[in-house]
Every structure is written in structure tokens, then in C-alpha cells.
Amino acid sequence: MSTIYVHGLGYIGLPTAAMFANYDHEVTGYDTDEAVIEGLDDGNVHIDEPGLRAFVTQALESGNLTVSNEVDEAKYHIIAVPTPFDDETKEPTLEYVEAAGEAIAPHLRPGDTVILESTVPPGTTVETLQPALEQSGLDAGSDFALVHCPETVLPGNIITELKENDRIIGGVNGVSTEAAVRLYESFVEGDIYTTENATTAEFVKLIQNTYRDVNIALANELALIGEDYGIDSREAIEMANTHPRVDIHHPGPGVGGHCLPIDPWFLGQNSDNLDLIERARAINDGMADHVVETLRDELGSLEGRTIAVFGVAYKGNVGDTRQSPGLDLAQALQKAEAELASPKPDGGVPPSAVGVRLHDPHVADQTLDLVDRKSAIAGADAVVITADHDEFEHLDPAAFADAMAERVVVDTKDVLDPSEWKSEGFSVRRI
Ligand SMILES: NC(=O)c1ccc[n+]([C@@H]2O[C@H](COP(=O)([O-])OP(=O)(O)OC[C@H]3O[C@@H](n4cnc5c(N)ncnc54)[C@H](O)[C@@H]3O)[C@@H](O)[C@H]2O)c1
Ligand SMILES: CC(=O)N[C@@H]1[C@@H](OP(=O)(O)OP(=O)(O)OC[C@H]2O[C@@H](n3ccc(=O)[nH]c3=O)[C@H](O)[C@@H]2O)O[C@H](CO)[C@@H](O)[C@@H]1O
């Protein structure tokens, strides 16, 4: 059993803190957001993830997990703070990592271990975190252990993957690596792979997500090419994947979430060699415009049309809307509207607006103007499915046919049965 401080209690830090606590470690969760600490102190779990509420409650009730709004001493410090990214400059924000290091420094003792779990550009552990921690007067590698151990859990299945996924552990030296291995061994059921280079561990995490992003870009490009040949690209990809060495991912409305659209750019922090990776990002980002074109193709003009977007979560069965393809589509539709509304050379009357209605049974975000299913489709000209939520598999095409003005459905996630919708008179377009 060890004492552990977990810095940052979000999607990663909170399940991690609860996991160590449920495996008998004495864990303190720390977050700079007072509301998070107050909520957890009252037993409120603020992260929407299957099974997490019960898992965290168990940890809190056992007394092994406590929360605090102050940093203190611990044998292990695990950092799971945000590493956001500026879409314009393509620069990461590492100030939270630095702040966590500076907060730990006054409490760091010889023999302690600091583990960075946040996803970061290669070099961050050594170049950003290490100097912040060494403000303690102690040296990384000799006085304290310093490690990068990337997190690879899949949102929607975090608790299972936390335990079962393999782990990559890269310390700044062998002693650091071993210190982290001893800790993770207490609950990790997957294999633990080690490297005595923290930068390698950072790189590995980024290339896992880059592989997925580039593979999805290939699938998206194949979907566009498939349309040119009038074939169903999903059927073709499924058949291609029967080959033992082919594994093409699924096309869709674009790539969302907090990781895949961001992490590939981190590779470009100190390298000018991103080429295919940049192209892949552009292809995936371009899928929203492709959906707009599909709608234009079906409806003629978008002028005065009402489009119902089903799914603003970034993927199925989660409530997270970060980098959501559904919201990107809403924005692309608004851009199309702005283009329509630009002054006409003949001085014609500006067209009426494109109406966008957002519906998502998994999202509770009050800042989004979400409507229920019935209100979303009443008088709508088209429905676009942009997240593969389970609920969407059971939509009743007859009810949609009755409620909508036009019978157009664009299924970007392969959740609908096209023949059922066609038999209700729908024009069904798929990606
Ligand atoms: N969410 C995922 O699926 C996922 C998966 C793998 C890796 N990651 C990476 O893990 C890191 C954390 O992501 P997340 O999704 O948990 O973020 P999050 O925004 O859900 O949570 C981060 C928490 O850290 C807190 N925080 C900010 N600065 C702090 C500080 N100096 N000290 C203590 N707490 C601080 C915030 O208040 C917030 O509660 C990121 O680098 C992310 O890229 C995320
Ligand atoms: C390598 C890997 O597996 N990494 C995972 C990933 O988690 P995620 O939840 O972000 O990942 P996805 O499920 O891939 O979804 C992303 C977007 O891609 C769309 N998509 C997906 C598959 C497909 O074939 N076609 C698509 O279009 C999907 O709809 C959604 O918008 O990053 C986390 C943080 O680093 C990791 O921890 C986690 O292991």
C-alpha cells in the first residue's frame, strides 16, 4: 500500500484515483477547481462515464479516497491535468502541467515518484515538468523518480480498460521506471512495457492515436471515392477487412473527442515532418462540409430548410461534446447559411435562414440549445445522424415520415436499417 496524490480529477484522474483506492492505496484527489472538490466531498460524481459513480462512491465510502483543495506529501504524485490545444496556432498549453509540478515541488521528498499521465508533446516530461519539480532542490532520476505513463482508456469503457489495457512506462532512468512499474502492478492486468526514456513513452501515446486518426481518414477518403463509383463503402471496407492483414476503420461525419483530433498535432511540436498526418486531419475535418454537400444534393438548396442533427456527443453513448462532429456540422450549416445571405449581385432578397435543431439523449449541456426528438423532427426537411447512440438504432421511420416536411435522412454512422427507411419513402444517404 502506498500514499498517492492524484492531481486533476477529470475523465482520467478521477477513475484513476478511485482505482488505486479500491486496490487499497491511500489516495488523495486534488483539483484546482473548488467545485469539483466540494462536489466529491458531498459524494457527487461530476464525470459522466458508465459505472463510474458506483466505483468512485465505493472508493470514497471505504475511506481510501479522500479529496483535498491543497497539495501535500505523498510517496507517489500522479498528474492528470488538461493539456489543451490552440486550434489556430497548433500549440499545446502546457501551463497546467507546469503548475502541477510547481505545486508538488515544495512537498517533494527524496525517494518520491512523480508520474505524468496527461498526453503531451514529446519532450514535455523532461523539458517542462522536470524543471518545475526541481525547484524543490532535488534532482530527477537521482533524488526522486520521474516518469511518463500515458493513459490509453477508451471513454465509455474507462474502468475496464484502466485495468485491462497494456501500459507503457517511460522513466527518465531505470530506477524511475521501476518505481512506477511497482505502483501500476498493483492493479493493471495487461502487460507493462517499459522504456528508460520518457520522451519515447510520450511518442508512443501520440502515435497510437495518430494511427487511428490516419486510418479513419483513409476510410473517409474511401467513402468519398466509393460514392463516385456508386457503391456502399462500408460494405466494401468490411469485405476488404476479411483479409488477415487489412484493418480499415469506419468512415463517419469527422473525428471528434479530446484526443484523436488533437494528439497528432503534438507530434509537430518540434518537427516539420508532418505531411500525411496533416492531410489526414484535413480529410477528417472536411467531412462536415461533405455532409452539407450531401444535403444540398438531396434538397436542392438549403435556403429556409430545417435540418435535425441527431448526436452532438463526439461519439456514441458518451455525453462528452468536445470537438463534436455534430456541432461541427451545425457550424458548417450556419456557414452555408452565411454564404446564402451574402449580398446578391442582382440585389435580390436575402434568403431565409437554414434552421438547425440539435438532439442528443446523452448530452446534458445547458449551453446548447438541445430539443427532444419530437420537436427536432417536426416539420424538418432532413435528419442527419452524427453519433452512434444505442437509442438511434430504434428510431421509428414511420413516425419520422409523419412528422417531417421532406423525407431525407443522412446516416453518417451506419445505425439505421436503410431498407426500413426506404420503405417509408425516405431518401437514405450514408457515409
Ligand atoms: N479523456 C480522455 O479520454 C483521455 C484519455 C487519455 C488521455 N487523456 C489525457 O489526460 C489528460 C486529462 O484529460 P481529462 O479528459 O481527464 O481532462 P479533464 O478536463 O476532464 O480533467 C482535468 C482536471 O484537472 C484539473 N486541473 C487543472 N489544472 C490543475 C492543476 N494544476 N492541479 C490539479 N488539477 C488541475 C481541472 O480542474 C480538471 O478537473 C489530458 O492530457 C488528456 O489529453 C484523456
Ligand atoms: C488509439 C485509441 O483507440 N485511442 C482512444 C481514443 O479514444 P476516443 O474515444 O477519442 O476514440 P474513438 O472511439 O476512436 O473516437 C474518436 C472519434 O473517431 C470517430 N471514429 C472512430 C472510429 C472509426 O472507425 N471511425 C470514426 O469516425 C469517433 O466517432 C469519434 O468521433 O483516444 C483516447 C485518448 O487518448 C484513448 O485513451 C483511447 O484509447
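Procedures and definitions
- Residues numbered from 1 in each chain as written.
- Chains lettered and ligands numbered in written order.
- Predicted model: local features only at pLDDT ≥ 70, side-chain atom pairs only at ≥ 80, totals over all residues.
- Heavy atoms only, no water.
- Helix = DSSP H or I, 4+ residues; strand = E, 2+ residues; numbered from the N terminus.
- Contact = heavy atoms within 4.5 Å.
- Areas by Shrake-Rupley, 256 points an atom, 1.4 Å probe, with all protein chains shown as cover.
- Core = buried A, V, L, I, M, F, W, Y, C linked by side-chain atoms within 4.5 Å.
- Buried < 20%, exposed > 50% of the residue type's maximum accessible area, 1.4 Å probe, protein only.
- Polar contact = N/O pair within 3.5 Å; in protein donor to acceptor, adjacent residues only side chain to side chain.
- Near = heavy atom within 4 Å.
- Nonpolar A, V, L, I, M, F, W, Y, C, P; charged D, E, K, R; others polar.
- Patch = residues over 30% accessible without salt bridge, like charges linked within 9 Å, V, L, I, M, F, W, Y side chains within 5 Å.
- Salt bridge = Lys/Arg side-chain N within 4 Å of Asp/Glu carboxyl O.
- Lys, Arg positive; Asp, Glu negative; His and termini not counted.
- Charge placed at Lys NZ, Arg CZ, Asp CG, Glu CD.
- Domains from an automatic or database assignment.
- Buried area = accessible area lost by both parts, 1.4 Å probe.
- Pairing = 2+ DSSP bridges.
- Axes fitted to C-alpha atoms, helices over the stretch in contact; angles between N-to-C directions.

With that out of the way, let us pick up the overall build of the protein chain. Scanning the protein chain from N- to C-terminus turns up 16 helices and 15 strands. Dimensions of the protein chain along its principal axes, counting C-alpha atoms only, are 75 × 50 × 50 Å. Taking the contacts inside the protein chain whose residues are at least 6 apart along the sequence as the reference set, 72% of them involve residues at least 24 apart. Per element, the accessible surface of the protein chain, about 19500 Å² overall, is 47% carbon and sulfur.

In this structure, L9, I115 and Y184 are the most contacted members of the largest nonpolar core, which totals 39 residues. Of all the elements, helix α1 (residues 13–22) adds the most residues to this core, at six residues. Not counting residues up to four positions away in its chain, the partners in contact with Y184 are F20, I78, I115, E117, C149, R167, I169 and I192. L302, V312, L329 and A336 belong to the second largest nonpolar core, which has 28 residues in total.

This part is about the side chain of H249. Here H249 lies in the loop between α9 (233–240) and α10 (263–266). Of note is the side chain of H249, whose polar atom sits 3.3 Å from the side chain of R212. When near neighbours in sequence (up to four residues on either side) are disregarded, H249 contacts Y211, R212, N215, I216, A219 and I237.

Before going further, it helps to examine the site of ligand 1. The local shell around ligand 1 holds 25 residues, among which Y11, I12, D31, T83 and T119 are the closest. Measuring from a nitrogen atom of ligand 1, one finds a backbone N or O atom of G8 at 3.4 Å. Here an oxygen atom of ligand 1 sits 2.9 Å away from a polar atom, N or O, in the main chain of I12. Contact with the protein chains removes 90% of the 830 Å² of surface that ligand 1 exposes when unbound. Sort the elements by how many residues they give to the shell around ligand 1 and helix α4 (residues 95–104) lands first, with three residues. The residue inventory of the shell around ligand 1, partitioned by class, reads 12 nonpolar, eight polar and five charged.

This part is about a negative patch on the surface. Residues D33, E34, E38, D41 and D42 make up a contiguous surface patch of negative charge. Relative to the assigned elements, D33 resides in the loop between β2 (26–30) and α2 (34–41).

Here we take up the site of ligand 2. As a structural note, the neighbourhood of ligand 2 is formed by 21 residues, with T152, V153, R212, C259 and Y314 the closest of them. One of the side-chain N or O atoms of K413 is found 2.9 Å from an oxygen atom in ligand 2. Considering ligand 2 on its own, with 760 Å² of exposed area, one finds that the protein chains cover 88% of that surface. Across the shell around ligand 2, the residue classes break down as eight nonpolar, seven polar and six charged.

The next thing to look at is the domain arrangement of the protein chain. For the protein chain, the assigned domains are domain 1 (3–196), domain 2 (207–283) and domain 3 (286–430). Listed by partner, the interface residues are 10 residues for domain 1 and eight residues for domain 2. When the two sides are added together, the surface that domain 1 and domain 2 hide from each other amounts to roughly 910 Å², 68% of it contributed by carbon and sulfur. Inspection of the domain 1/domain 2 interface yields zero salt bridges. Where domain 1 packs against domain 2, one counts zero residue pairs in polar contact (both at pLDDT 80 or more). When grouped by side-chain class, the residues that make up the side of domain 1 that touches domain 2 number five nonpolar, three polar and two charged.

With that settled, consider the pairing of strand β9 (residues 167–171). Within β9, five of the five residues are buried, which leaves the element mostly enclosed by the surrounding structure. Inspection of the sheet shows strand β8 (residues 145–148) paired to β9 by two bridges, in the antiparallel sense. Bridge assignment links V147 to a residue of β9, and that residue is G171. Where β9 lies against strand β10 (residues 192–195), four bridges are found, and the strand directions are parallel. Residue pairing across strands places I169 opposite T194, the latter belonging to β10.

Reading across from one edge, β3-β2-β1-β4-β7-β8-β9-β10 is the order of the eight strands in this open sheet, with mixed pairing throughout. A strand with exactly one partner marks an edge of an open sheet, and here the two such strands are β3 (65–68) and β10. Sheet twist, expressed as the average angle between the axes of neighbouring strands with direction ignored, equals 25°. When β2 meets β3, the two strands line up parallel, connected through four bridges. Looking across to β3, one finds that G29 is bridged to V67. Those strands touched by helix α5 (residues 124–133) are β4 (76–79), β7 (113–116) and β8, and its axis lies near 145° from that of β8.

As a further point, take the sheet that holds strand β11 (residues 306–310). A sheet is described by the order of its strands in space; here five strands give the open sequence β12-β11-β13-β14-β15, paired in parallel fashion. One side of each edge strand has no neighbouring strand; the edge strands of this open sheet are β12 (355–359) and β15 (427–430). If you compare each strand with its neighbour and ignore which way they point, the axes differ by 20° on average. Relative to β15, strand β14 (residues 408–411) runs parallel, the two sharing four bridges. The residue bridging V410 from the neighbouring strand is R429, located in β15.

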